[in-house]
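Tertiary structure, described
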Amino acid sequence: MHEQNTQSPQPVEGTSASSSPTTVVPLTRRTQLEPDDADRLATLVGPVDANLKQLERRLDVHIRNRGNEFQISGSAERVRAAEALLHQLYRETAHQQALEPDQVHLFLQEAGVEELLQRQEQIEQQERHHSTDPAAEAPVIRTLKKSIKPRGQNQQLYVRAVLGHDISFGVGPAGTGKTYLAVACAVEALESQQVSRILLVRPAVEAGEKLGFLPGDLAQKIDPYLRPLYDALYEMLGVERVNKYIERNIIEVAPLAYMRGRTLNNAFIILDESQNTTVAQMKMFLTRIGFGSTAVVTGDITQIDLPRGENSGLVNVINVLRHTKGISFTHFGSKDVVRHPLVQRIVDAYEAFTEAPNSGSNQNSNSGQ
């Protein structure tokens, strides 16, 4: 027997009915689920509110509940979609004792959430474009040790893309903050229990180095090359907590070769130096993503260290997936470099040299040193 909503949902906050149809309207809405059954409500929200967090993350809303009374906050369309899904999922609890993440995901798909999110994203982008003070809306990433505020428009767009997409790409030169910001987003997601673990992944290809001559197994060989990721984690969580998380596999270092055959649910996965993946490796990595997971892929297509004749998976994926819904690409340039001013000049100089008509012959020349 299906329950009925005996209390009409009432908006608590919002804007006037005369608001422009292209304006994102904030709204807080209360709704009640009937019957008031503690077991069914526990099934609905999931362990540690996992199902509610999945809805919050996917729809970009905030959901609070006390018993069978729920309060949903966000833009009007997203709030209405979240409310409808809550009632739909609650009906399912009458027939089953658990709601898995993949079931919640399927309900989100069937409800046409992708189309809704795309429409809302376009509206919000228009709002930001016409804002007189874009910096006032800059996202802030909060971690245990510090808060990180993205610098410049591209960093802000990148962080918004990571927070709003299941798969995001950050492509650009060294020093633009693409890896550091990805780690910050991962730490925030872990600390807020949006994900249950962080995976740091890297291909085993190095400039001018032979990993076979390094001591240890493959994980130990690749460990020194993940040092920038470790440094960022230490800065945001502290050395003791990072080491504790690594011991408990809450933070996992995974060479790309170890990813084959795995399905990663409820995880934040960072693939660093992705310009050194092959086309097959990139496809393999992207198809590992499971329910409740976020993946960020970073790389610099000007620093490819693959063997001659091997195509870069990053270069290939930019062409293959650039128009795929639900995936974002943020491209950084030398103006986004936040290191020493000389780094920006070095990047510009290399770009100019590469683009010069005779750069090929210059690169092949030998100075005799």
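Reference entry: report on the structure contained in this document. (Residues numbered from 1 in each chain as written. Predicted model: local features only at pLDDT ≥ 70, side-chain atom pairs only at ≥ 80, totals over all residues. Heavy atoms only, no water.)

1. Examining unusual backbone geometry
Backbone torsion omega between E34 and P35 reads 0 degrees, so that peptide bond is classified as cis. With respect to the helices and strands, the residue P35 is situated in the loop between β2 (26-32) and α1 (38-45). Positive phi values are uncommon outside glycine, yet Q193 reaches one of about 65 degrees. Of note, Q193 is situated in the loop between α7 (178-191) and β8 (197-202). For Q193, a relative accessible area of 46% puts it in the partly exposed group. A positive phi angle, close to 55 degrees, is found at E273, a residue other than glycine. Of note, E273 is situated in the loop between β10 (267-271) and α11 (279-286). (Helix = DSSP H or I, 4+ residues; strand = E, 2+ residues; numbered from the N terminus. Buried < 20%, exposed > 50% of the residue type's maximum accessible area, 1.4 Å probe, protein only.)

2. Considerations on the nonpolar core
Ranked by internal contacts, the top residues of the largest apolar core, which has 33 residues, are V183, L200, L233, I251 and F268. Among the secondary structure elements, those contributing two or more residues to this core are α6 (152-164), α7, β8, α9 (227-237), α10 (239-247), β9 (251-255) and β10. Considering each element in turn, this core owes the most residues, nine residues, to α7. Leave out the neighbours within four places in its chain, and L233 touches V183, V187, L200, G238, V242 and I251. (Core = buried A, V, L, I, M, F, W, Y, C linked by side-chain atoms within 4.5 Å. Contact = heavy atoms within 4.5 Å.)

3. Let's talk about the pattern of salt bridges
Summed over all chains, the structure comprises seven salt bridges. One salt bridge in this structure joins E252 and R197, with 3.7 Å as the shortest N-O distance. Placement of the pair is E252 in strand β9 and R197 in strand β8, with a sequence separation of 55 residues. Among the residues examined, E252 registers a relative accessible area of 16% and is labelled buried. What emerges from the salt-bridge pattern is a single network uniting R197, E252 and R262. (Salt bridge = Lys/Arg side-chain N within 4 Å of Asp/Glu carboxyl O.)

4. Focus: the sheet that holds strand β12 (residues 327-331)
As summarised here, the arrangement of the six strands in space is β9-β8-β10-β11-β7-β12, forming an open sheet in which the pairing is parallel. The sheet terminates laterally at β9 and β12, the two strands that pair on one side only. Going across the sheet, the axis of each strand differs from the next one's by a mean of 15 degrees, ignoring polarity. Pairing between β8 and β10: five bridges, direction parallel. The residue of β10 that forms the bridge with L200 is I270. Contacting β7 (167-171), β8, β10 and β11 (294-299), α7 crosses the sheet at an angle of about 170 degrees to β10. (Pairing = 2+ DSSP bridges. Axes fitted to C-alpha atoms, helices over the stretch in contact; angles between N-to-C directions.)

Limitation: the analysis is restricted to geometry and does not speak to function.
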